[in-house]
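Summary of the model geometry
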Amino acid sequence: MNFEQARYNMIEQQLRPWKVLDPDVLDVLHVVKREEFVPAAHRRLAFADTEISLGNGGSMFAPKVEAHALQALAMKKHENVLEVGTGSGYMAALLAAHADHVWSVEIDPRLADLARENLRRAGVSNVNVEIGDGLAGLADHAPFDAVMVSGAVSRVPQVLLDQLKPGGRLFVFEGEEPAIEAALYTRVGDGVRRVAVFETVVPALREAGAARKFVF
């Protein structure tokens, strides 16, 4: 399979029509090899417009959802990021290409190990993968410039908003099927500003004590 041609087709046929136009985002999608984070059995689907199973109920977003989320967060090279839900490590790698450091928290130890290996093999050195409930935040490394929540929640935990720096952003899928809205929260003074980004359908992110249904 010609992965480079498939990558080009994904960007031109899936992402641009879905208004993913930020040149920095498109550039990093060329650089970070998505096929290296996809299970071998599904590698031919690496650039298809579909979710990809990681086993045990976990899956990767469709590429256009990943790219739109990254575009909305608008990362900068000096920033520190918290990711909630590591999955295969692909989104962590995309964030790391834009950021100074990424702290990614995964509740499934098997997926945490998978992500670490994928990131190591891809040569990504500015990501730490922690095992735990990312919806509780990561106080030891807060505050963060940005937070990426990689699954749907009924509402944003206040602890995550509290761990944002002034001007910090949090991207999240908010609501329950079939009405889920991707939203961007920005810390402004003593409060937050919420902006709707797009509508989609993604399963709920697991909290501690529940079975994981979705991860990046």
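Higher on the page you've got the structure.
All values derive from a computational prediction rather than experimental measurement.

1. Concerning the overall build of the protein chain
Assigned secondary structure in the protein chain consists of six helices and nine strands. Compactness check: the protein chain gives a C-alpha radius of gyration of 16 Å against a globular reference of 17 Å for 216 residues, within 12% of the reference. The buried share of the protein chain, taken over its 216 residues, is 52%. Sequence-distant contacts, at least 24 apart, represent 55% of the contacts inside the protein chain between residues at least 6 apart. Of the roughly 9,400 Å² that the protein chain leaves accessible, carbon and sulfur atoms contribute 50%.

2. Notes on the nonpolar core
By size, the foremost hydrophobic cluster in this structure holds 52 residues, and its most contacted members are Leu-15, Leu-29, Leu-73, Leu-94, Leu-95, Phe-171 and Phe-173. Among the elements that take part in this core, helix H4 (residues 90-98) stands out by supplying seven residues, more than any other. Here Leu-15 is in contact with Met-10, Val-20, Leu-26, Leu-29, Pro-63, Lys-64 and Ala-67, once residues within four sequence places are set aside. Grouped together as the second largest cluster of nonpolar side chains are 19 residues, Leu-82, Leu-164, Val-172 and Tyr-185 included.

3. Regarding the pattern of salt bridges
Evaluation of the coordinates by the stated rule reveals 13 salt bridges. Close ionic contact of Glu-4 with Lys-33 constitutes a salt bridge, the shortest N to O distance being 3.5 Å. In this pair, Glu-4 sits in helix H1 (residues 3-15) while Lys-33 sits in the loop between helix H2 (23-31) and strand S1 (52-55), placing the two residues 29 residues apart along the sequence. We classify Glu-4 as partly exposed; its relative accessible area is 43%. In this structure Lys-33 comes out as partly exposed when scored by relative accessible area, which is 25%. Its salt-bridge partner being Asp-145, residue Lys-165 comes within 3.4 Å of it at the nearest N-O pair. Here Lys-165 is found in strand S7 (residues 164-176), whereas its partner Asp-145 is found in strand S6 (residues 144-153), with 20 residues between them in sequence. What makes Lys-165 partly exposed here is its relative accessible area of 26%. For Asp-145, a relative accessible area of 9% corresponds to the buried category.

4. Comments concerning the sheet that holds S6
The strand order S5-S4-S3-S6-S7-S8-S9 describes an open sheet built from seven strands, whose pairing is mixed. Only two strands of the sheet have a single partner each, and these edge strands are strand S5 (127-131) and strand S9 (191-200). In this sheet, neighbouring strand axes are inclined to one another by 15 degrees on average, regardless of whether the strands run parallel or antiparallel. Across the sheet, helix H5 (residues 109-121) lies against strand S4 (101-106) and S5, angled at about 165 degrees from S5, the strand it touches most.

Scoring rules and cut-offs
Within each chain, residue numbers correspond to sequence positions counted from 1 in written order. Note on the predicted model: pLDDT of at least 70 is required for a residue's local features to be given, and 80 or more for side-chain atom pairs to be given and counted; whole-chain, interface and lining totals, by contrast, use all residues. The basis for the side-chain values is all heavy atoms of the structure; hydrogens and waters are excluded. Secondary structure elements follow DSSP: runs of H or I of four or more residues count as helices, runs of E of two or more count as strands, with numbering from the N terminus. Radius of gyration here is computed from C-alpha atoms only, and the compact-globule reference equals 2.2 Å multiplied by the residue count raised to the power 0.38. We call a residue buried when its accessible area falls under 20% of the maximum for its residue type, exposed when it is over 50%, and partly exposed in between, using a 1.4 Å probe and counting protein chains only. Whether two residues touch is decided by their heavy atoms; if any such pair falls within 4.5 Å, the residues are in contact. Here, Shrake-Rupley sampling with a 1.4 Å probe gives the accessible areas, and only protein chains in the shown set may cover a residue. Each nonpolar core is a collection of buried residues, namely Ala, Val, Leu, Ile, Met, Phe, Trp, Tyr and Cys, held together in the definition by side-chain atoms within 4.5 Å. Throughout this description, the term salt bridge denotes a Lys or Arg side-chain nitrogen within 4 Å of a carboxyl oxygen of Asp or Glu. When DSSP finds at least two bridges between two strands, those strands are taken to pair. Each axis is a line fitted through C-alpha atoms, and for a helix only the stretch in contact is used; angles between axes span 0 to 180 degrees, taken between their N-to-C directions.

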